[in-house]
Amino acid sequence: MAVVVGAGGVLGAAHVGIGYALEQRGFVPDMIIGTSVGALNGAIAAAHPDRAAPWLDHVWTRLHRREVYPFSHRLFSRASIFTDRGLRRLIARASLPTRIEQLSVPFTAVAMDLGTGDPVLLDHGDLESALLASAAIPGMLPPVARGGRMLVDGGVIAYVPVLAALQAGAASVVVLSTGPESSPSHPTTPHRGASAIAARAGTLLLHHQIERDLHEVSKRIPTVVLPTGIETWPAPWDFRQAQRLISTASRTAGHFLDRLRISGPGLYRVDGPSVSPVSPGRASASSISGVDL
């Protein structure tokens, strides 16, 4: 079984809550695939598969914007608004091995080739550069040169990298995704301001990408999307609500897991605030807790 950890920036704190729910139920994945902040959280889980959540909790609940996104001091010819010094420090403090192959659980970070637009699956070699590349939000953080390519945030092309899990041979997938773009889309009348219009369009763009990929993968293998229970998300740079995101996601995902039953390929998730799983409609076969799907 593969765990797929999606993008989301500061919203990645919700991954920690879901991680608590999984660890408390003795779940250890066969592989972890992450994009952007999901790659950072996922690499730590791959290094410490049975005790990552408490460590991540300690980090996330003490983070500040300036630690993660320090401004670049170069005024001309800069490739990004922020430097990657903050991310490098976080990675250095995470007690990670130097190479991806040395992680306890097979791991892949997803980035995008800025020249071709193709997804790039980083499953071997230097771990730090893979994580920096996967999290390099275009224009916000500097791109990473690796293997003769210029790489940026994988969330541009694979916000929730379930297709990468299928390509890697996963027999089933557990998805950790966050944010309004990962939730059911409801018609709304957006505010007329330029920023509100851009935000709504961006959310819809990501939502359609996520839904397309989830439905494609779920035709072939069981695809479980774990809920967070979070309806009010913080601003992109607001780390102060991490504890709320963690506790809400832990409680909601845990309740969902305890009731989940798998019965073959399909998309298993909730479509609203309820935590009753939506299955393909066949008889119950197994729970995610403590067994392989």
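The notes below deal with the structure included here. (Residues numbered from 1 in each chain as written. Predicted model: local features only at pLDDT ≥ 70, side-chain atom pairs only at ≥ 80, totals over all residues. Heavy atoms only, no water.)

Quick notes on the environment of Thr-61
In this structure, Thr-61 sits in the loop between helix 3 (52-60) and helix 4 (65-68). Given a relative accessible area of 28%, Thr-61 falls into the partly exposed group. If near-sequence neighbours (up to four positions away) are discounted, Thr-61 is found in contact with Ala-242, Gln-243 and Ile-246. A distance of 2.7 Å separates a polar atom in the side chain of Thr-61 from the backbone oxygen of Asp-57. Within the structure, the side chain of Thr-61 is placed 3.1 Å from the side chain of Arg-62, a separation counted as a polar contact. (Helix = DSSP H or I, 4+ residues; strand = E, 2+ residues; numbered from the N terminus. Buried < 20%, exposed > 50% of the residue type's maximum accessible area, 1.4 Å probe, protein only. Contact = heavy atoms within 4.5 Å. Polar contact = N/O pair within 3.5 Å; in protein donor to acceptor, adjacent residues only side chain to side chain.)

Quick look at the side chain of Asp-84
Structurally, Asp-84 can be placed in the loop between helix 4 and helix 5 (85-92). Among the residues examined, Asp-84 registers a relative accessible area of 16% and is labelled buried. The residues contacting Asp-84, other than those within four sequence positions of it, are Leu-132, Leu-141 and Pro-142.

Digging into the layout of surface pockets
Rolled over the atoms, a probe sized like a water molecule indicates the empty space that remains. The volume enclosed by the largest pocket comes to roughly 840 Å³. Lining the largest pocket are 28 residues, with Gly-8, Tyr-159, Glu-181, Leu-206 and Pro-236 positioned closest to its centre. When residues in the lining of the largest pocket are grouped by element, the largest group, 7 residues, is from helix 8 (residues 194-218). The residue inventory of the lining of the largest pocket, partitioned by class, reads 19 nonpolar, 7 polar and 2 charged. (1 Å grid on protein atoms, 1.4 Å probe; cavity = no way out; pocket = protein on both sides within 12 Å on 5 of 7 lines; lining within 4 Å. Points joined across faces, edges and corners; volume = space filled by probe spheres on them. Nonpolar A, V, L, I, M, F, W, Y, C, P; charged D, E, K, R; others polar.)

Points about the packing of aromatic side chains
Any two aromatic rings considered together are summarised by their centre-to-centre distance and by the angle between their planes. By the definition in use, this model includes 1 aromatic pair. Taking the centre distance of 6.2 Å and the plane angle of 35° together, the rings of Trp-60 and Phe-239 count as tilted. You can see Trp-60 sitting in helix 3 and its partner Phe-239 sitting in the loop between strand 8 (222-226) and helix 9 (242-259), a full 179 residues away along the chain. No difference in accessibility class separates Trp-60 from Phe-239, as the two residues are buried. (Phe/Tyr/Trp six-rings, centres within 6.5 Å; stacked < 30°, edge-to-face > 60°.)

Observations concerning the pairing of strand 8
Taking burial as the measure, the 5 residues of strand 8 include 5 buried ones, the bulk of the element. Side-chain alternation along strand 8 places Pro-222, Val-224 and Leu-226 on one buried face and Thr-223 and Val-225 on a second face that is also buried. Note that strand 7 (residues 173-176) and strand 8 share 4 bridges and pair parallel. Within the sheet, the bridge partner assigned to Val-175 lies in strand 8 and is Val-225. Of the strand pairs in this sheet, strand 8 and strand 9 (residues 266-268) are connected by 3 bridges, and their pairing is parallel. In the sheet register, Val-224 faces strand 9, and the bridge partner there is Tyr-268. (Pairing = 2+ DSSP bridges.)

Regarding empty space enclosed by the protein
Scanning all chains against the criterion turns up 3 cavities of 30 Å³ or more. Here the largest cavity defines a volume of roughly 300 Å³. Of all the secondary structure elements, the ones that give two or more residues to the lining of the largest cavity are helix 2 (37-47), helix 3 and helix 5. Grouping the constituent residues of the lining of the largest cavity by class yields 21 nonpolar, 3 polar and no charged. Considered as a void within the structure, the second largest cavity measures approximately 240 Å³ in volume.

With respect to helix 2
Burial of helix 2 is extensive: 10 of the 11 residues sit out of reach of the surface. Within helix 2 the residues assigned to the buried category are Val-37, Gly-38, Ala-39, Leu-40, Asn-41, Gly-42, Ala-43, Ile-44, Ala-46 and Ala-47.

Thoughts on the pairing of strand 7
Of the two faces of strand 7, the one holding Val-173 and Val-175 and the one holding Val-174 and Leu-176 are both buried throughout. Here strand 1 (residues 2-5) pairs with strand 7 via 4 bridges, running parallel. The partner of Val-5 across the bridge, within strand 7, is Leu-176.

Looking at the pattern of salt bridges
Going through the model one piece at a time under the given rule, you end up with 8 salt bridges. With its nearest N and O atoms 2.8 Å apart, the salt bridge here joins Asp-258 to Arg-25. Within this pair, whereas Asp-258 is found in helix 9, its partner Arg-25 is found in the loop between helix 1 (13-24) and strand 2 (31-35), the two being separated by 233 residues in sequence. Accessibility expressed as a relative area gives 44% for Asp-258, which makes it partly exposed. Residue classification places Arg-25 among the partly exposed positions, given a relative accessible area of 22%. Asp-238 serves as the salt-bridge partner of Arg-240, at 3.0 Å between the closest nitrogen and oxygen. Take Arg-240: its relative accessible area is 75%, and that puts it in the exposed class. Among the residues examined, Asp-238 registers a relative accessible area of 14% and is labelled buried. (Salt bridge = Lys/Arg side-chain N within 4 Å of Asp/Glu carboxyl O.)

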